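Each chain is listed here by its residues.
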Amino acid sequence: MKVADLMDSMEYGPAPESTEQAHAWLDDHNRRFGHFINGTWKKPKGAKTFKTKNPATGNVLGTITQGEQADVDGAVKAARTAQVGWAKLGGHGRARYLYALARLVQKHARHLAVLETLDNGKPIRESRDIDVPLVARHFYHHAGWAQLMDREFQDQVPLGVIGQIVPWNFPLLMLAWKIAPALAAGNTVVLKPAEFTSLTALRFAELCDEAGLPPGVVNIVTGDGRTGEMIVNHKDVNKIAFTGSTAVGSLIRKQTAGSGKKLSLELGGKSPFIVFPDADLDSAIEGVVDAIWFNQGQVCCAGSRLLVQEGIAKTFVEKLKLRMQSLRTGDPMDKCMDMGAIIDPTQLKQIDKLVKIGVREGAVLWQADCALPEKGSFYPPTLLENVTPSSTVAQQEIFGPVLTVTTFRTPVEAVELANNTRYGLAASVWSENINLALDVAPALKAGVVWINTTNQLDAAAGFGGYRESGFGREGGREGMYEYLKPAFEKDLRPAVKTVANKAKSGVSKTTTKLLLDRTPKLYIGGKQSRPDSGYSRPAYGADGMLLGEVGEGNRKDIRNAVEAAFKASAWAKADTHNRAQILYYIAENLSARAREFAETLRAMTGGSAAAAGLEVETAISRLFTYGAWADKYDGAVHSPPLRGVTLAMNEPMGIIGIACPDTKPLLGLVSLMAPAIAMGNRVVVIPSEHHPLSATDFYQVLDTSDLPGGVVNIVTGGRDELSFALAGHDQVDGVWYFGSAEGSAEIERLSARTIKRTWVNNGLERDFLDGVQGEGQEFLRHATEVKNIWIPYGE
Ligand code: NDP
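Residues numbered from 1 in each chain as written. Predicted model: local features only at pLDDT ≥ 70, side-chain atom pairs only at ≥ 80, totals over all residues. Heavy atoms only, no water.

(A) Broad picture of the overall build of the chain. For the chain, the helix and strand inventory stands at 28 helices and 34 strands. Relative to a compact globule of 795 residues, whose C-alpha radius of gyration would be 28 Å, the chain shows 28 Å and is just as compact. Dimensions of the chain along its principal axes, counting C-alpha atoms only, are 105 × 65 × 45 Å. In the chain, which comprises 795 residues, the share counted as buried stands at 59%. The contacts in the chain between residues at least 6 apart in sequence include a share of 76% that link residues at least 24 apart. (Helix = DSSP H or I, 4+ residues; strand = E, 2+ residues; numbered from the N terminus. Rg over C-alpha atoms; globule rule 2.2 N^0.38 Å. Buried < 20%, exposed > 50% of the residue type's maximum accessible area, 1.4 Å probe, protein only. Contact = heavy atoms within 4.5 Å.)

(B) Representation of the site of the ligand in the model. The environment of the ligand is formed by 26 residues, the closest being Val 166, Trp 168, Glu 195, Ser 245 and Glu 397. Between an oxygen atom of the ligand and a side-chain N or O atom of Trp 168, the distance comes to 2.6 Å. Contact distances for the ligand include 2.7 Å between an oxygen atom and a backbone N or O atom of Glu 195. Isolated, the ligand exposes 850 Å² of accessible area, and the fraction of that covered by the protein chains is 85%. For the shell around the ligand, the elements supplying multiple residues, two or more each, are helix 9 (225-233), strand 10 (239-243) and helix 10 (246-256). In terms of residues, the shell around the ligand owes the most to one element, helix 9, which gives three residues. (Near = heavy atom within 4 Å. Polar contact = N/O pair within 3.5 Å; in protein donor to acceptor, adjacent residues only side chain to side chain. Areas by Shrake-Rupley, 256 points an atom, 1.4 Å probe, with all protein chains shown as cover.)

(C) Structural detail: the pairing of strand 16 (residues 402-408). The element strand 16 is extensively covered by neighbouring structure, given that six of its seven residues are classed as buried. As judged from the five bridges shared by strand 13 (residues 303-309) and strand 16, these two strands associate in the parallel manner. From the neighbouring strand, Gln 309 faces strand 16, where its bridge partner is Phe 408. The pairing of strand 15 (residues 382-385) with strand 16 spans three bridges and is parallel. In the strand pairing of strand 16, Leu 383 is matched with Leu 403. (Pairing = 2+ DSSP bridges.)

(D) Region of the structure containing the side chain of Asn 295. Relative to the elements of secondary structure, Asn 295 occurs in the loop between helix 11 (281-292) and strand 13. Of note is the side chain of Asn 295, whose polar atom sits 2.9 Å from the backbone oxygen of Asn 169. For Asn 295, the residues in contact, after removing those within four places along its chain, are Asn 120, Lys 122, Glu 126, Asn 169 and Phe 170.

(E) How the structure looks around the sheet that holds strand 5 (residues 60-65). Taken together, the three strands give an open sheet; going across it, the order is 1-5-4, and neighbouring strands pair in mixed fashion. The sheet terminates laterally at strand 1 (32-33) and strand 4 (49-53), the two strands that pair on one side only. Pairing between strand 4 and strand 5: five bridges, direction antiparallel. Bridge assignment links Thr 52 to a residue of strand 5, and that residue is Gly 62.

(F) View of the pairing of strand 31 (residues 734-737). Here strand 31 shows no split at all, with Gly 734 and Trp 736 on one side and Val 735 and Tyr 737 on the other all buried. As judged from the four bridges shared by strand 28 (residues 655-659) and strand 31, these two strands associate in the parallel manner. Bridged to Ala 659 within strand 31 is Tyr 737. At this point the chain moves from strand 31, through helix 27 (residues 741-751), to the parallel strand 32 (residues 757-760), and the crossover so formed is right-handed. (Right-handed = clockwise from strand over helix to strand, strands pointing away.)

(G) Structural context of the packing of helix 5 (residues 109-120) against helix 7 (residues 171-184). Their axes nearest at 9 Å, the elements helix 5 and helix 7 cross at an angle of 115°. For the pair helix 5 and helix 7, contact is made by Leu 112, Glu 116 and Asn 120 and by Pro 171, Leu 172 and Leu 173, respectively. Its residues assigned to classes, the contact of helix 5 with helix 7 comprises four nonpolar, one polar and one charged. (Axes fitted to C-alpha atoms, helices over the stretch in contact; angles between N-to-C directions. Nonpolar A, V, L, I, M, F, W, Y, C, P; charged D, E, K, R; others polar.)

(H) The arrangement of unusual backbone geometry in detail. Despite not being glycine, Asn 30 has its phi angle at roughly 55°, a positive value. Mapped onto the elements of the fold, Asn 30 is located in the loop between helix 2 (20-28) and strand 1. Note on Asn 30: relative accessible area 63%, which makes it exposed. The phi dihedral of Asn 762 falls on the positive side, at around 50°, and the residue is not glycine. Note on placement: Asn 762 falls in the loop between strand 32 and strand 33 (764-765).

(I) View of the nonpolar core. Core analysis: the biggest nonpolar cluster contains 107 residues, and Phe 139, Val 218, Val 275, Trp 293 and Leu 306 have the highest contact counts within it. Counting residues per element, this core draws most heavily on helix 7, at 11 residues. Counting 60 residues, the second-largest nonpolar core is a separate cluster that includes Tyr 523, Ile 586, Ile 656 and Tyr 699. (Core = buried A, V, L, I, M, F, W, Y, C linked by side-chain atoms within 4.5 Å.)

(J) Representation of the confidence of the model for the chain. Of all residues in the chain, 97% attain a pLDDT of 70 or more, and the chain-wide mean is 95. No element of the chain has a lower mean pLDDT than helix 18 (residues 512-517), which averages 50, and none a higher one than strand 8 (residues 188-192), which averages 99. (pLDDT = per-residue confidence, 0-100.)

(K) Highlighting the pattern of salt bridges. Applying the stated criterion to the full structure yields 37 salt bridges. One salt bridge in this structure joins Glu 385 and Lys 321, with 2.9 Å as the shortest N-O distance. Separated by 64 residues along the polypeptide, Glu 385 in strand 15 and Lys 321 in helix 12 (residues 310-325) bring together distant segments of the chain. Note that Arg 749 and Glu 746 form a salt bridge whose closest N and O atoms lie 3.1 Å from each other. With Arg 749 and Glu 746 both in helix 27 and three residues apart, this pair spans about one turn of that helix. The exposure class of Glu 746 is partly exposed, given its relative accessible area of 24%. Through salt bridges with shared partners, a single ionic network connects Glu 17, Arg 110 and Lys 335. (Salt bridge = Lys/Arg side-chain N within 4 Å of Asp/Glu carboxyl O.)

(L) Just the sheet that holds strand 16, in detail. Taken together, 10 strands build an open sheet; the order of strands is 14-15-16-13-12-17-18-34-27-26 and the sheet is mixed. Strand pairing shows two members of the sheet lacking a second neighbour, strand 14 (364-367) and strand 26 (636-638), which therefore form its edges. Averaged over all pairs of adjacent strands, the angle between strand axes in this sheet comes to 20°, irrespective of strand direction. As judged from the three bridges shared by strand 12 (residues 271-275) and strand 17 (residues 426-430), these two strands associate in the parallel manner. Looking across to strand 17, one finds that Phe 273 is bridged to Ser 428. Seen against the sheet, helix 12 touches strand 12, strand 13, strand 14, strand 15 and strand 16 and runs at an angle of roughly 135° to strand 13.

(M) The arrangement of the environment of Ala 752 in detail. Along the chain, the position of Ala 752 falls in the loop between helix 27 and strand 32. As a C-alpha pair, Ala 752 and Glu 385 span 367 residues in sequence and 34 Å in three-dimensional space. Contacts of Ala 752, omitting those with residues within four sequence positions, involve Ser 250, Arg 253 and Lys 254.

(N) The arrangement of the packing of aromatic side chains in detail. The full count for this structure, using the stated rule, is 19 aromatic pairs. Residues Trp 629 and Tyr 633 carry aromatic rings whose centres are separated by 6.1 Å and whose planes lie at 90° to one another, so their mutual orientation is edge-to-face. We classify Trp 629 as partly exposed; its relative accessible area is 23%. Following the ring pairs from residue to residue traces out a cluster consisting of Trp 736, Phe 738, Trp 759, Phe 768 and Phe 779. (Phe/Tyr/Trp six-rings, centres within 6.5 Å; stacked < 30°, edge-to-face > 60°.)

Take a look at the structure:
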């Protein structure tokens with residue numbers, strides 16, 4: 001074709017990126033790769049292997065080794081040995097290595113990008129301009145956290161050995177998201193790349209060697225899901241960091257339950273892309289392109305559900321179809337391609353299957369009229385119109401270049417539709433009206449919200465989800481906490497088992513009046529309510545005398561309490577000054593009855609008058625602490641590399657179930673309840689099972705403190721039975737459990753079904769009287785979700 005012809009048609013010419021050097025690298029390794037363990041390459045004799053292929057052609061690129069138990073054991077051992085020295089190196093020492101890795105990624109950027117595109121099928125334009133620069137950025141940013149670690153995270157220590165499992169959609173970027181913060185914090189790692197895409201992880205291992213990283217700090221073990229499972233179940237691993245499907249995430253939650261391993265899960269999504277009528281429609285169209293056709297839609301935070309206002313829907317979809325016609329799908333090594341190949345024929349089949357289900361359920365299919373390469377796994381940009389909110393394709397992650405279209409009328413309806421999903425990873429909002437956009441953003445249940453932009457990622461801004469999109473954040477300060485633990489934790493000992501006080505006949509003198517005056521009740525929705533069971537349980541004093549009775553709560557009472565908490569949702573929006581005032585008021589009212597509370601404590605626990613007095617005074621002080629924090633735990637404003645800002649907002653989690661410890665019955669309850677409500681959560685509290693009377697007295701204090709009904713609900717009874725009901729309840733967003741090791745394990749297991757956030761004590765006892773163990777930002781972090789709202793500006 002002549003240039004003159006090109007001027008007529010304005011067609012793109014081919015612009016191929018050379019793969020020569022990447023192939024030369026593969027040849028240098030004889031196209032066979034082992035594991036990188038303890039700084040050396042291991043190719044176990046007779047090991048099973050599998051092939052890694054180029055998704056754009058189906059050609060085999062190399063042979064990868066299947067990791068077995070001995071390999072995983074060796075890698076964990078190497079990581080364990082290396083961890084001591086790595087942590088001792090100090091923040092600055094580690095920062096130098098992370099900086100060296102960042103520089104090496106930049107130096108070999110093109111090589112890494114080409115290798116990534118060969119192995120994954122994503123357009124070179126993306127691996128070159130997005131993935132690899134973000135990898136370097138992540139190592140730079142975390143070199144910074146390592147440098148600042150000794151000052152910024154003074155009360156924290158590294159976890160130890162981290163097992164990391166990454167998916168195939170952003171192989172090197174996900175590796176960077178996992179390895180950089182782990183190393184910055186002083187941990188060592190064993191990472192397993194996805195079976196489809198091991199090559200860039202193996203190339204990265206060489207960069208670790210080139211940077212002179214001490215052996216054992218980074219270990220890469222290749223293999224399929226079975227190798228991942230061996231890492232998850234390894235006894236000497238302190239944390240699992242996983243990115244992948246919700247199904248495997250849920251399985252990992254179950255497998256790690258009760259092991260004491262820390263866990264972060266970055267799972268799937270079905271993110272809404274909301275277009276209001278006053279949006280800049282042409283910009284929004286480009287937004288859709290980036291939202292769903294970036295990386296062929298194989299993106300956990302892909303904007304896969306277009307929600308467009310009814311009045312502009314027709315115009316918008318017409319414009320979109322026109323734009324789709326100009327998208328180019330084909331050889332990912334061609335620099336002019338918009339879309340490359342789908343990772344594997346199995347994924348292609350899955351996409352096709354879901355699209356067909358969508359059509360069967362009434363969606364109208366529209367695909368861009370583009371010629372696809374004959375070889376390789378390709379799927380055209382696809383639109384499914386007329387999609388109802390409950391249909392399979394609106395609910396299930398397709399993980400392909402498929403956009404569903406649904407219309408809405410009002411902003412309220414848009415938010416409802418957006419939140420009508422089990423996921424909560426990301427959302428994109430398009431409107432030129434800043435009032436509307438900033439009103440909608442906090443209402444969306446998603447860890448990341450992009451206003452008039454989409455799929456923006458940066459190391460300084462935490463990334464992660466709500467609900468079944470997982471828990472934990474990657475990036476930013478909050479991401480660092482995922483790889484740290486409070487220094488005092490290593491000194492915690494198993495709680496001394498408290499048993500119910502033995503019954504003697506007779507009634508304690510101090511409480512005769514109390515028993516005569518009251519029938520035992522629960523506290524639900526701001527009212528005293530009779531337990532559903534109709535039964536009560538006696539509470540004996542330390543002297544064995546009957547002190548009082550409390551209601552015997554059951555699952556039905558838990559359901560009622562959760563419903564009351566659900567109705568009290570206005571508390572999340574109450575201004576922080578208002579919440580602070582109420583906490584101070586609760587403190588004031590507790591103070592007015594301090595002596596009486598101390599007497600009950602003394603009678604229940606048999607402690608000294610001084611100890612009981614100290615517990616009450618500390619509880620009052622703690623309420624002040626969270627009254628103070630209510631309007632000060634503010635979040636942050638990040639300055640990522642864009643013209644704009646990112647607001648990191650500390651949002652309430654929602655409804656938290658809290659099982660209180662037996663020791664310090666009043667202080668334990670206050671120390672857990674107060675930070676939760678200070679941050680805008682509603683709670684269902686199960687007080688100390690053996691010493692419940694402080695709690696039933698406490699609801700009288702709440703009653704007189706202007707706390708709206710339903711914000712705090714108290715259900716007395718068997719701690720485990722009631723908290724297990726909370727862990728299994730779909731409307732509960734998180735469970736805090738301070739009880740036995742076995743109970744902690746069960747809570748984690750039960751939370752797996754809906755990927756609930758949990759905070760359990762694993763049967764260890766913390767000292768709630770202690771100012772470090774008993775209060776502070778650790779509690780506030782557990783009580784909040786960080787939402788990052790991206791706001792670009794400028795005309
Ligand atoms: P998986 O969740 O199966 O894989 C993610 C990673 O976990 C891979 O390294 C995988 O190994 C490993 N793995 C698999 N099973 C286990 C296990 N039992 N224990 C420990 N590790 C395990 O995702 P798939 O690759 O199978 O993709 C399936 C679907 O998941 C996609 O269609 C998409 O919907 C979703 N997905 C979501 C991603 C996200 O970023 N949120 C990323 C990838 C997929 P291996 O690949 O070698 O088998």
